[in-house]
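Chains, contacts and geometry: an overview
What follows is the residue order along each chain.
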Amino acid sequence: MAVTLTDTRVRALKAQEGRRLEVFDPREPGLLLRVSPAGRKTWYFRDRSPKGGQPRMKLGTYPATGIKDAQELARAARSLLEKGIDPAEQQRKQRDEI
């Protein structure tokens, strides 16, 4: 499902019992908001990696990470993809170094 995301819409999104809801932002390719049945809202970036897969990269949770912040993070991830770097793989490497 793709809808223009606003704070009002994001706050109102609810998943059906037992099913996750995934909402894509048409203004920012690859940005999606996953809503759990419990109501947790998590931002992800998902697009084709240079290796051909579609890994998901967690960007943050709503409302701590707002729409504009999530869009900026998605743009940064897309920029890496355009340079041939898999942002999800880079995120995993950084996390493993800690």
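The preceding data block contains the structure.
Attention in this report is confined to the structure presented alongside it. Nothing here was measured: the structure is a model prediction, and the numbers come from that model.

**Describing the pattern of salt bridges**
Close approach of charged atoms allows side chains of opposite charge to pair. As enumerated under the stated definition, the model contains 6 salt bridges in all. One salt bridge in this structure joins Arg34 and Glu22, with 2.7 Å as the shortest N-O distance. Within this pair, whereas Arg34 is found in strand E2 (residues 31-35), its partner Glu22 is found in strand E1 (residues 21-24), the two being separated by 12 residues in sequence. You can call Arg34 buried: its relative accessible area is 11%. Judged by relative accessible area, which is 22%, Glu22 ranks as partly exposed. A salt bridge links Glu89 to Lys93, with the shortest nitrogen-to-oxygen separation between them at 3.6 Å.

**Here's the deal with the packing of aromatic side chains**
Two aromatic rings are characterised by how far apart their centres lie and by the angle between their planes. Using the criterion set out here, one finds 1 aromatic pair in the structure. Judged by centre distance (6.4 Å) and plane angle (75°), the rings of Trp43 and Tyr62 are edge-to-face. Note that Trp43 is positioned in strand E3 (residues 41-46) and Tyr62 in strand E4 (residues 56-62), a separation of 19 residues in sequence. Here the two residues Trp43 and Tyr62 agree in accessibility, since each one is buried. Directly above the ring of Tyr44 sits Arg34, whose terminal nitrogen or CZ lies 5.3 Å from the centroid. The lysine or arginine in question, Arg56, covers the ring of Tyr44, its NZ or CZ lying 5.3 Å from the ring centre.

Here is what the cut-offs are and how they apply
Once a new chain begins, its residue numbering starts again from 1 and follows that chain's sequence as written. In keeping with the predicted nature of the model, local features appear solely for residues at pLDDT of at least 70, side-chain atom pairs appear and are counted solely at 80 or more, and the whole-chain, interface and lining totals rest on all residues. Side-chain metrics rest on all non-hydrogen atoms present in the structure, leaving aside hydrogens and water. Salt bridges are defined as contacts in which a side-chain nitrogen from Lys or Arg sits within 4 Å of a carboxyl oxygen from Asp or Glu. Comment: elements are numbered from the N terminus, with helices defined as DSSP H or I runs of at least four residues and strands as E runs of at least two. Classification of residues uses two cut-offs on accessible area relative to the type maximum, computed with a 1.4 Å probe and protein chains only: under 20% is buried, over 50% is exposed, and between them is partly exposed. Each Phe, Tyr or Trp ring (for Trp, its six-membered ring) is paired with any other whose centre lies within 6.5 Å, and the angle between the two planes then decides the class: stacked below 30 degrees, edge-to-face above 60, tilted in between. Whether a charge lies above a ring is judged from NZ of Lys or CZ of Arg, which has to be within 6 Å of the ring centre and within 35 degrees of the ring normal.

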